[in-house]
Amino acid sequence: MSTPNKDIEKVEVRLKWDPSDSGEPANDLDIIAATYAAEEPYGSPSYLVHFDSRSPDGTITLNRDSRTGQGLGFDEAMTLELDRLATTYGRVVVGIAIQQRNGHKTFGDIQRTGVHIREGYTTLSENDFSGVSSATAAVVAEFIRDGSGVWVFHAAVRGFDGDPDSFTMEMGNRTPGT
């Protein structure tokens, strides 16, 4: 069945932050995507995409990874090709996690953080994490396939306190808007 609705097809999530002060341990933030099966959209993720990984079918890729935040503009970028994602998947959750190797760091501890989510030239969401400044990780977006097969975007910035491993197990547990 075809539909006249425009679908979200290819999305880019971009992340930026300032490097740590001289002599301080590096600030290392990571984009993480969790993909969920259509029949179990709030269970365990089917797979995760983050540094050193990619989706099995190549539809979600981390194009740029930074361990320090050094560089001009956005330091990390991930592409989600939702239009190519198998119909067995019904939900993708995107989050940002701060590596905690060198002690407890929150978004409030890191200068000039920002996430920008866009499809082509259209901005879907922008956020600076000020609303979750005491968090160590945050969900920043959810993409849900509706009953007609169209991907719907839900802007969501929900903070989490814990290490990146525990975040990946919790990031998809909540429904949109909660």
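So, about the sheet that holds strand β5 (residues 76-81). Overall, antiparallel pairing links the 5 strands, which are arranged β4-β5-β1-β7-β8 in an open sheet. Looking at which strands have only one partner, the edges of the open sheet turn out to be β4 (60-64) and β8 (122-127). Adjacent strand axes in the sheet meet at a mean angle of 20°, parallel and antiparallel pairs treated alike. Strand direction decides the pairing type here: strand β7 (residues 114-119) and β8, joined by 5 bridges, are antiparallel. Paired with His116 across the bridge in β8 is Glu126.

A separate point is the packing of aromatic side chains. Under the definition given, this model contains 4 aromatic pairs. When the centroid spacing of 5.5 Å and the interplanar angle of 85° are considered together, the rings of Tyr47 and Tyr89 count as edge-to-face. With Tyr47 in strand β3 (residues 47-49) and Tyr89 in strand β6 (residues 89-98), this pair connects stretches of sequence that are 42 residues apart. Geometrically, the ring pair formed by Phe107 and Phe129 is stacked, given 4.2 Å between the ring centres and 5° between the ring planes. With Phe107 in the loop between β6 and β7 and Phe129 in the loop between β8 and β9 (137-145), this pair connects stretches of sequence that are 22 residues apart. The exposure class assigned to Phe129 is buried, which follows from its relative accessible area of 1%. Stacked on the ring of Phe74, the Lys or Arg Lys16 has its end atom at 5.4 Å from the ring centre. Between the NZ or CZ atom of Arg91 and the centre of the ring of Tyr36, over which it lies, the distance is 5.1 Å.

Val92, Val94 and Phe143 are the most contacted members of the largest nonpolar core, which totals 34 residues. With 5 residues, β6 is the single largest residue contributor to this core. Among the nonpolar cores identified, the runner-up in size contains 11 residues, and Ile32, Ala34, Val93 and Phe160 belong to it.

Close reading of the predicted structure is inappropriate where its pLDDT is low. For the chain, mean pLDDT is 88; residues scoring 70 or higher make up 90% of the total. Here residues 1-5 scores under 50 on pLDDT; set against residues more than four positions off or in separate chains, the count is 1 contact.

Let us now look at the layout of surface pockets. Over the atoms, a rolled probe matching the size of one water molecule traces out where space is still vacant. There is about 160 Å³ of room inside the largest pocket. For the largest pocket, the full set of lining residues is Asp18, Pro19, Ser20, Asp21, Glu24, Pro25, Asn27, Lys105, Asp109, Ile110 and Gln111. Residue classes in the lining of the largest pocket are distributed as 3 nonpolar, 3 polar and 5 charged.

Another point: the side chain of Thr35. With respect to the element layout, Thr35 can be found in strand β2 (residues 29-37). Residue Thr35 is classed as buried on the basis of its relative accessible area of 0%. Excluding residues that lie within four positions of it along the chain, Thr35 makes contacts with Pro45, Ser46, Tyr47, Ile60, Leu85, Tyr89, Arg91 and Val92.

Further remarks concern the environment of Val140. In this structure, Val140 sits in strand β9. The exposure class of Val140 is buried, given its relative accessible area of 1%. Separated by 18 residues in sequence, Val140 and Arg158 place their C-alpha atoms 6.9 Å apart. Here Val140 is in contact with Val94, Gly95, Ile96, Val115, Ile117, Phe129, Ala155 and Ala156, once residues within four sequence places are set aside.

Reading guide: rules and limits
- Residues numbered from 1 in each chain as written.
- Predicted model: local features only at pLDDT ≥ 70, side-chain atom pairs only at ≥ 80, totals over all residues.
- Heavy atoms only, no water.
- Pairing = 2+ DSSP bridges.
- Helix = DSSP H or I, 4+ residues; strand = E, 2+ residues; numbered from the N terminus.
- Axes fitted to C-alpha atoms, helices over the stretch in contact; angles between N-to-C directions.
- Phe/Tyr/Trp six-rings, centres within 6.5 Å; stacked < 30°, edge-to-face > 60°.
- Buried < 20%, exposed > 50% of the residue type's maximum accessible area, 1.4 Å probe, protein only.
- Lys NZ or Arg CZ within 6 Å of the ring centre and 35° of its normal.
- Core = buried A, V, L, I, M, F, W, Y, C linked by side-chain atoms within 4.5 Å.
- pLDDT = per-residue confidence, 0-100.
- Contact = heavy atoms within 4.5 Å.
- 1 Å grid on protein atoms, 1.4 Å probe; cavity = no way out; pocket = protein on both sides within 12 Å on 5 of 7 lines; lining within 4 Å.
- Points joined across faces, edges and corners; volume = space filled by probe spheres on them.
- Nonpolar A, V, L, I, M, F, W, Y, C, P; charged D, E, K, R; others polar.

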